[in-house]
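Chain and residue survey
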Amino acid sequence: MNRHRQLETDMSTIYIASDHGGFNLKTFLVQYLKDKGHDVHDLGPSDPASCDYPLKAQAVTDAILKDENAFGILVCGTGIGMSMAANRVPGIRAALCTSEFHASFARAHNNANVICLGERVSGQGIAASMVDVFLSTPFEGGRHLRRINLFNK
């Protein structure tokens, strides 16, 4: 276990949503995370019919702002649209991740509270691994906190 990882027994509250382009990966991740014991709140959609990703991003960001200890997961085709929509909300630090390295540093250095994934970019295995790293990596604080505080200037 590297120095960024917490105990695997630490469970998180997670709010997750997707659009139609990320529906299959979201469905997989919901079950994967529930099987690991996390408190998962699936904010939709409930089927793969076309839907608007900004509304799904808003549902997750609203939930995160009400539950500061929770994490968010947003999935669309590429992860780009979801990250753009989520980052418009003050207090949200959404990171588009395509590797475990991204997921680790998004948390350790940027204190990201939402991970954005692309179903057309990442398969289920790497997506699950990125989410595991994201959820288990603590924020390092220090000089990173000073920089994050500049986001609101």
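Residues numbered from 1 in each chain as written. Predicted model: local features only at pLDDT ≥ 70, side-chain atom pairs only at ≥ 80, totals over all residues. Heavy atoms only, no water.

Thoughts on the pairing of strand β1 (residues 13-18)
Basically, it comes down to this: The buried label applies to any residue whose accessible area, calculated with a 1.4 Å probe on protein chains only, is under 20% of its type's maximum; exposed applies above 50%, and partly exposed to all values in between. Secondary structure elements are taken from DSSP: a helix is a run of H or I of four residues or more, a strand is a run of E of two residues or more, and numbering for both begins at the N terminus. Whether two strands pair comes down to DSSP finding at least two bridges between them. Here, the term right-handed applies to a crossover whose path from the first strand over the helix to the second runs clockwise when the strands point away from the viewer.
Of all six residues in β1, five are buried, a share of seventy percent or more. As judged from the four bridges shared by β1 and strand β2 (residues 39-42), these two strands associate in the parallel manner. Among the inter-strand pairings, T13 is bridged to a residue of β2, identified as D39. Of the crossover connections in this fold, the one passing from β1 over helix α1 (residues 23-35) to the parallel β2 is right-handed.

Section: the nonpolar core
So the rule is basically this: Here, the term nonpolar core denotes a set of buried Ala, Val, Leu, Ile, Met, Phe, Trp, Tyr and Cys residues that are joined through side-chain atoms within 4.5 Å. Contacts between residues were defined by any pair of non-hydrogen atoms, one from each residue, lying within 4.5 Å.
Counting 23 residues, the largest nonpolar core has L29, I73, I115, L117 and F134 as its most contacted members. Among the elements of the structure, β1, α1, β3 (71-76), α4 (100-108), β5 (114-118) and α5 (124-136) are those that each provide at least two residues to this core. The biggest single contributor to this core is α5, with six residues. Not counting the four nearest positions on each side in its chain, F134 is found in contact with F71, G72, A103, A106, R107, A112, N113, V114 and I115. Of all hydrophobic cores here, the second largest spans 17 residues; its members include A17, A57, V60 and A86.

Here's the deal with the pattern of salt bridges
Basically, it comes down to this: Salt bridges are identified by distance alone: a Lys or Arg side-chain nitrogen within 4 Å of an Asp or Glu carboxyl oxygen.
For the coordinates displayed, the defined rule picks out two salt bridges. The residue K26 makes a salt bridge to D42 at a minimum N-O spacing of 2.8 Å. Taken together, the positions of K26 in helix α1 and D42 in strand β2 put the pair 16 residues apart, joining distant regions of the chain. Accessibility expressed as a relative area gives 1% for K26, which makes it buried. Residue D42 is classed as partly exposed on the basis of its relative accessible area of 39%.

Focus: unusual backbone geometry
The peptide bond linking G44 to P45 adopts the cis configuration, its omega dihedral lying at 0°. Looking at where P45 falls in the secondary structure, it is placed in the loop between β2 and α2 (53-66). A positive phi is found at N111, a non-glycine position, where the angle reads about 50°. Mapped onto the elements, N111 comes out in the loop between α4 and β5.

Observations regarding the packing of α1 against α5
Stated precisely, the cut-off is as follows: Axis definition: a line fitted to C-alpha atoms, limited for helices to the stretch in contact. Angles are taken between N-to-C directions and run from 0 to 180 degrees. With respect to orientation, any angle under 35 degrees is reported as roughly parallel, any angle over 145 as roughly antiparallel, any angle of 65 to 115 as roughly perpendicular, and every other angle as oblique. By definition, any crossing whose near helix is turned counterclockwise from its far helix by less than a right angle is left-handed, and any crossing with a clockwise turn is right-handed. Amino acids are sorted into nonpolar (Ala, Val, Leu, Ile, Met, Phe, Trp, Tyr, Cys and Pro), charged (Asp, Glu, Lys and Arg) and polar (every other residue, Gly among them).
At their nearest, the axes of α1 and α5 sit 10 Å apart, and the two run at 50° to each other. As far as their axial angle goes, α5 and α1 are oblique. Here α1 runs over α5; the crossing is right-handed. Contact residues: L25, F28, L29, Y32 and L33 in α1; Q124, A127, A128, V131, D132 and L135 in α5. A per-class count over the contact of α1 with α5 returns nine nonpolar, one polar and one charged.

Looking at the environment of Y15
Mapped onto the secondary structure, Y15 falls in strand β1. Taking C-alpha positions, Y15 is 7.4 Å from A70, a pair spaced 55 residues apart along the chain. In contact with Y15, other than residues within four places in its own chain, are H41, L43, V60, A63, I64, D67, A70, F71, G72 and I73.

Concerning a nonpolar patch on the surface
We count it as follows: Residues enter a patch when their relative accessible area is above 30% and they make no salt bridge; the linking distance is 9 Å between like charges and 5 Å between nonpolar side chains (Val, Leu, Ile, Met, Phe, Trp, Tyr). Each accessible area is a Shrake-Rupley result for a 1.4 Å probe, and residues are judged covered by the shown protein chains and nothing else.
Together, I80, M84 and L96 make up an exposed nonpolar region whose accessible area comes to about 270 Å². Residue placement: M84 occurs in helix α3 (residues 80-86).

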